[in-house]
2 protein chains.
Amino acid sequence: MSQKIKLQTEAYKGVRDFYPEDMAVENYIFKTMRRVAESFGYEEYGASVLEPAELYEAKTGEEIVSEQTYTFTDRGGRRVTLRPEMTPTVARMIAARRRELPLPIRWYSIPNLFRYERPQRGRLREHWQLNCDIFGVTGIEAEAEIISLAAELLRAFGLKDEDFEIRLNSRKIMDYCISGVLGLQGDDGKTICRLIDKKNKISDEEFKKTAADILGEKDKLLLALLNSKNFEEFISRLPRDEEAEKTLNETKGLIKVLDGLGIYNIRFDQTIMRGFDYYTGTVFEIYDTDAKNRRSLFGGGRFDKLLSIFGAPDLPAVGFGMGDVTMRDILETRGLLPPYRPPAKVVVCIVEKSALPYGNDLTQKLRAEGVAVLIDCSGRKVGDQIKAADKRGIPFVVCVGGAEVKSGKLKVKELKTGEETEVEEGQLARLLKNRAVK
Amino acid sequence: MSQKIKLQTEAYKGVRDFYPEDMAVENYIFKTMRRVAESFGYEEYGASVLEPAELYEAKTGEEIVSEQTYTFTDRGGRRVTLRPEMTPTVARMIAARRRELPLPIRWYSIPNLFRYERPQRGRLREHWQLNCDIFGVTGIEAEAEIISLAAELLRAFGLKDEDFEIRLNSRKIMDYCISGVLGLQGDDGKTICRLIDKKNKISDEEFKKTAADILGEKDKLLLALLNSKNFEEFISRLPRDEEAEKTLNETKGLIKVLDGLGIYNIRFDQTIMRGFDYYTGTVFEIYDTDAKNRRSLFGGGRFDKLLSIFGAPDLPAVGFGMGDVTMRDILETRGLLPPYRPPAKVVVCIVEKSALPYGNDLTQKLRAEGVAVLIDCSGRKVGDQIKAADKRGIPFVVCVGGAEVKSGKLKVKELKTGEETEVEEGQLARLLKNRAVK
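Remember, it's a predicted structure, so these values are computed and weren't measured experimentally. Here the residue numbering is sequential within each chain, running from 1 through the sequence in written order. Chain A is the first chain written and ligand 1 is the first ligand written, with later ones labelled in order. The predicted origin of the model limits local features to residues at a pLDDT of at least 70 and limits the giving and counting of side-chain atom pairs to 80 or more, whereas totals for whole chains, interfaces and linings rest on all residues.

**Description of the overall build of chain A**
Next up, step 1: When helices and strands are counted, chain A shows 15 helices and 17 strands.
Next up, step 2: Here the globule rule is a power law, 2.2 Å times the number of residues to the power 0.38, and the radius of gyration is based on C-alpha atoms. A compact globule built from 438 residues would reach a C-alpha radius of gyration of about 22 Å, whereas chain A, at 28 Å, exceeds it by more than 25%.
Next up, step 3: If you line up chain A on its principal axes, its C-alpha atoms span 95 × 60 × 50 Å.
Next up, step 4: Per-residue burial for chain A yields a buried fraction of 42% across its 438 residues. Think of it this way: any DSSP run of H or I at least four residues long counts as a helix, any run of E at least two long counts as a strand, and we number them from the N terminus. To sort residues by burial, count the other C-beta atoms lying within 10 Å of each one's C-beta; a count of 20 or more means buried, 12 or fewer means exposed, and anything in between means partly exposed. C-beta atoms are built from the backbone.

Here it is as structure tokens:
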């Protein structure tokens, strides 16, 4: 070793190491996500975390492109970005095979995403996010399916319907407010869009100042619209044309369909905007209803125009993204995470060295029958071997010495209860597979 | 859309997009890896693909650090690397919790790894790699377990023992050859180490030239050692001291233990070196025995000193890494990959619009009972709905119209055979779950 400097053992800033206990939580979350997405017939896809930087310079929220991405130049002079979101990637992949893929396309993925930002609770530099999207459906059946899938996911994690609320809005309605009612176009419109999106994160003063700068006298109308007590009051303040009426009816129809699907914890909310520029219709966000911690858990919406950035014909699309950090946090808070269990169900302890070949053989037989097992070849006292198994949380031990080798009769000990069961060697796998762990 | 430039739909150079059929192959490979690793009691861990660049400047093969990593500076001035291998990460994580973790530690992970190199068959810029490591065992039981795990993995993928060969060597023996026998120290020793490692990839002339430059007259001895027909001939050429004798016996003992575990397709090979500098003892590589394509599939070895780069006490360790690209390639070549099946087992086809609420209800009931199902709300002709299901490879359809709503009797049609079965609605889930797909 010619090592002079001692290396640090910390992970890179803002990312996580997953020790087995942490990894088991991630795996539980991912497994539940996969199971529910697949129960809706969604197929898993994937891609590299590296994407050409151009992909994000086209049509995402400005803040992200300018300040929040990890973008660098590779040794061959290509500008490359660690993906900050999955939607541009899925749009790219679908655009590439637009003609071959039968519609509708129902896809999901659980990518890791990177953002360069100051790490804080629930906002790390890297997180994983379930993305579910349906492509090729114009009608609200697509929204209905995506929103039921989102609700079903939360139920699968053990949340009750009263634990969350789905808040719904339509970008079309908001576009009508901003251009039709407030008379804003282009950049001014976008600025107001983002201002509404940030409303709950900034102070009233800051909001009013920016609104007044752009809207002048009309800032009061915007505030009246946003502060309406409910959706009925909100739309009562809107002068409506035929197009606006149609959009409103579409959203009302969606609520009705969801009602038919047994989803009642849903309401209109005219302050829901979603950050990204690419949304073109329905947007939704799911809120934790806990009075102590009312927060957005995740959201999504309709983006019918994203394929055009690749020169492909438009394809209607609805989707959402659900992050692992937020989910882990809410499940932890509510005590809904399963306890950690190591994979091995049993340790084969070797009482005397001469029993090792028999122990090895037994271990291999158990594995072949689908029992996860490890063997303790340390040579330490058998009592210490049992203690070590217990410390790791492995539920059973089988001790193998001269007597066992001779008789082929084995004693299985359950460490939590101390209960011992004697079995013939040939029955051991069956016993271990069927025995529930207390 | 104010889009002017049409974006490309290609992925970044040298990485892969995983469309559902490709993702299913990856998932099959990962699932098999997980199952086998866990059957040996190995626990899964994980970490971010981003690591501080210093981690790779300490003790990996020089080529990688200098030319082959993706290293960049983040917006906060930190130098960061996309991990090119997992071993430094696992060593870092274990060093950080050295005192809390009970020994031995058996861990696995399936990280993605990046190398900046010219993409070519089997050598992409990003690949996934199963890493299995055991920490805390000094004796050859560790090597025996790791090598059996490697062999068991190949068997689980459907390879037969005659399809692969495990080639074994010891860095201690090679160090003895290089310093004790050839008298090389420091950089010259390392250069010869790497030259041996590259022997099968470069021409004989190139090998001989470099060997002669460093060794002068002694180059013939090196060639004689490496070209020995078998291990017995190789060691017969070595003047042996007590230490060398001990090392040789250790390796012989390992072969004997593996023999006891039913692993016979193993042999010594003095040309196996493994690229990384951190190996300290046994090294092994597993070769495809196919005469048309004799190649290294993957390998590993013992690295007892890696924790010292973090200032932690040394911890003996043995491990290997198995890449997804090579595995996919060999499984494809041998026809061992399972065919693609979409997740949905059945499509609920809607014959007339009035049956939609019933269809939605049926869909939800099936999902609640664990049947993956999708519903066709397209409104197209039922014949086209069935054709679409068939095109996607979904095995069953259930058509729902007025008659079904009224009677609650449903017809399940298997698309491949055309076979129809009538069942009560309440029996449908059970039928679909138990019915094997032809």
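**Considerations on the packing of helix H1 (residues 20–39) of chain A against helix H4 (residues 141–156) of chain A**
Residue and element names in this part refer to chain A.
Next up, step 1: In contact at an axis separation of 10 Å, H1 and H4 are set at 140 degrees when each is read in the N-to-C sense. Between H1 and H4, the angle falls in the class oblique. In this structure, H1 crosses over H4, and the sense of that crossing is right-handed. Residues Thr-32, Met-33, Val-36 and Ala-37 of H1 form the contact with H4, whose participating residues are Leu-149, Glu-152, Leu-153 and Ala-156.
Next up, step 2: The residue classification treats Ala, Val, Leu, Ile, Met, Phe, Trp, Tyr, Cys and Pro as nonpolar and Asp, Glu, Lys and Arg as charged. All others, Gly included, are polar. Partitioned by chemical class, the residues of the contact of H1 with H4 number six nonpolar, one polar and one charged. Interaxial angles span 0 to 180 degrees and are taken between N-to-C directions of axes, which are lines fitted to C-alpha atoms, for helices over the stretch in contact. Angle categories are assigned with fixed cut-offs, so that under 35 degrees is roughly parallel, over 145 is roughly antiparallel, 65 to 115 is roughly perpendicular, and the rest are oblique. Here a crossing is called left-handed whenever its near helix is offset anticlockwise from the far helix by less than a right angle, and right-handed whenever the offset is clockwise. With C-beta atoms placed from the backbone, a contact is any residue pair whose C-beta atoms sit within 7 Å.

**A closer look at helix H3 (residues 87–96) of chain A**
Next up, step 1: Most of H3 of chain A is tucked away, with nine of its ten residues classed as buried.
Next up, step 2: Listed as buried for H3 of chain A are Thr-87, Pro-88, Thr-89, Val-90, Ala-91, Arg-92, Met-93, Ile-94 and Ala-95 of chain A.

**Comments concerning the interface of chain B and chain A**
Next up, step 1: Tallying the contact residues gives 71 residues for chain B and 72 residues for chain A.
Next up, step 2: Those elements that place two or more of their residues in the side of chain B that touches chain A are helix H1 (20–39), strand E1 (43–44), strand E2 (50–52), strand E3 (70–73), helix H3 (87–96), helix H12 (356–368), strand E14 (373–376) and helix H13 (382–391) of chain B.
Next up, step 3: Tallying contributions element by element places H1 of chain B first for the side of chain B that touches chain A, with six residues.
Next up, step 4: For the side of chain B that touches chain A, the per-class residue count stands at 38 nonpolar, twelve polar and 21 charged.

**Structural notes on the sheet that holds E2 of chain B**
Residues and elements named next belong to chain B.
Next up, step 1: With antiparallel pairing, three strands are arranged side by side in an open sheet as E2-E4-E3. Strands with a single pairing partner mark the edges of an open sheet, and in this sheet they are E2 and E3. Averaged over all pairs of adjacent strands, the angle between their axes in this sheet comes to 35 degrees, without regard to strand direction.
Next up, step 2: By the convention used here, strands pair only if DSSP detects at least 2 bridges between them. With four bridges connecting them, E3 and strand E4 (residues 79–82) associate as antiparallel partners. When the sheet's bridge partners are listed, Tyr-70 is paired in E4 with Leu-82.

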